[in-house]
Structures are given as C-alpha cells and as structure tokens.
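# Geometric and topological summary
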Amino acid sequence: MAQARTEDVKRLHWDATSQDYLQHRPGYPGEFFVLLQLLGIGLAGQDILDLGSGTGALAVPFARQGARVTAVDLSTGQIQAGRQTARQHGVKITFKLAPAEATGLPDQAFDVISASMCWGYFDMTRMEVEVPRLLRSEGLLLVSSLIWIAAGDPIASQTDKLLARHNAAAGQSDRGGNAEIIPAWSRARFRLKTYHDFKMDLPFTRESWRGRIRASKWIGAALSPEQTEGFDREHQALLERIAPPQFHIRHRIRIQIFELKRS
C-alpha cells in the first residue's frame, strides 16, 4: 500500500465508521487464515500484536486460533467495537489505545506483528524503528489487504463512480492496486519472506454493501454525517435499480510477510 499523506490521515475520523465497520465490513475468508497458518502466522501460543486493529478483523480470528493477541488502534470507537467483537466471540484480547508508531509496549515481546488495511497510514520512518524493537529475533511482520475490485463489475463500478462524485479523492486512488512486492520502506530493516496475491468473490446484500461503502475512508471517515447520509441515499437508489437483493463482489487479497534482517 502506498503511504498516505499525513494531512489526509489527520482528516479521517474513524470513530464515525465504527458501527458500520462492525456490522458490514467483510472479514477475510477462512482460506486466508488457513494460508497464514501454513506460513507460520496465527498459531496457538504465538504472541501477536495487531496494529491498526479496527474492529478485530485479524485480532479476533488469531485469538480464536489460540494466539495471545494485543490489539492497538488510535480510534476510541474502533477499540470499543473491537472489544464488542471479542466479547461476541468469547476471546480474550488486550486492547490498547495508542499510535502504531509509539505503542509503549515492551521490547521484543511479539512473535508476529500484523497490520491489515492500515500500513500506508503509518509514519514509515518511525515504523522502521518501532517494529524491530517489538519483534523477537525470529519474528514476522504481516501486511495484508482486502480490497474490492471495480473493473468488470457493474455494481462495483457504478459504486466507484458515485464515490468519486461525492469525494474527488476516491477517483484519484487505485485502492492499493499498484502496491510494490518489495516496497521501499522495507529494504533497510526487513527482508521479504513471501508474497501472495489472489482474488475471491465475497457475498453481499444491498444493505451490507451500502454499509461496507459507508465504512470506507472516502465516505464515513471523510464526510460529515449529512454528506454521508446524502451519499447513502443515492447509493440505495442506485442499488435498487441495478443490483439483485444478494450478489457477490470480487476482492483482491494481498499478503506480504517480512522478517528482520540479521546483522
């Protein structure tokens, strides 16, 4: 994921999207976690730090698999939603409200550090120090994304056009489509261990697709409540015209796993 500009990140208000995130953002499919376990991530007994944890898309499944999970996020609303998800699944997760760049957690405390759909928001200069400080010598860094694909899908492509009309920045983004396999930020302190990139169709209803888009950084996290409501009304009308009650949207799933370079 390309690094977001600092001024863009500061304008986002993730607390406003927390309930839509909790109810409507799709989680990674089961196959994703099976693959991660084969790659040595999400194992029982591992100490895992999930940065930018949000509502627990990674943290909760890892905890259900028997890992000891610490979840860090800068948004109070996202932390509260993550706690709610953990309670619903009956898992124990340690939640901490803190920036990823300065977690305040102990040195060399984690076997795995994970970051889903958030790595590009972090200050890479500081992360190049914080992640090696937190990881054990054989530890792994997981950077992953789950991104819907507009091309070739009438529902997704029409949604994309509507997004761009309500937030011009949405029309200028490739939503991570051109991410580097070995990104520049990784070259000094990390070594790419493995990279996987694949596509899967995920199920939606009209309501859940509306909620998923409201939860995006282009709408709920960027626009005022009144602007978000206006977008959602148009999106609802659009979906009633072009979408069946239930449908699938193709998503791109990317996994990058890094290890520390040894001196």
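Residues numbered from 1 in each chain as written. Predicted model: local features only at pLDDT ≥ 70, side-chain atom pairs only at ≥ 80, totals over all residues. Heavy atoms only, no water.

This paragraph deals with the pattern of salt bridges. According to the stated counting rule, one finds twelve salt bridges in the structure shown. Salt-bridge contacts for arginine 133 lead to aspartate 107; the nearest nitrogen and oxygen are separated by 2.6 Å. You can see arginine 133 sitting in helix α6 (residues 124–134) and its partner aspartate 107 sitting in the loop between β3 (93–97) and β4 (110–116), a full 26 residues away along the chain. Of the residues examined, aspartate 107 reaches a relative accessible area of 52% and is grouped as exposed. The residue aspartate 201 makes a salt bridge to arginine 250 at a minimum N-O spacing of 2.9 Å. Taken together, the positions of aspartate 201 in strand β6 (residues 190–205) and arginine 250 in strand β7 (residues 246–260) put the pair 49 residues apart, joining distant regions of the chain. According to the relative accessible area criterion, arginine 250 is partly exposed, its value standing at 41%. Salt bridges sharing partners connect three or more residues here, namely Asp47, Arg68, Asp111 and Arg136. (Salt bridge = Lys/Arg side-chain N within 4 Å of Asp/Glu carboxyl O. Helix = DSSP H or I, 4+ residues; strand = E, 2+ residues; numbered from the N terminus. Buried < 20%, exposed > 50% of the residue type's maximum accessible area, 1.4 Å probe, protein only.)

This paragraph deals with the sheet that holds strand β5 (residues 135–148). Here we have seven strands laid out as an open sheet, ordered β3-β2-β1-β4-β5-β7-β6, and mixed in their pairing. Bordering the open sheet on either side are β3 and β6, each of which pairs with just one other strand. Shown here is a sheet whose adjacent strand axes are inclined to one another by a mean of 20°, direction ignored. Pairing analysis gives five bridges linking strand β2 (residues 68–73) to β3, with the strands arranged parallel. Its bridge partner being in β3, valine 69 is matched across the sheet by isoleucine 93. Helix α3 (residues 30–38) contacts β5, β6 and β7 of the sheet and is inclined by roughly 15° relative to β7. Of the strands in this sheet, β2 and β3 touch helix α5 (residues 76–89), which is tilted by about 170° from β3. (Pairing = 2+ DSSP bridges. Axes fitted to C-alpha atoms, helices over the stretch in contact; angles between N-to-C directions. Contact = heavy atoms within 4.5 Å.)

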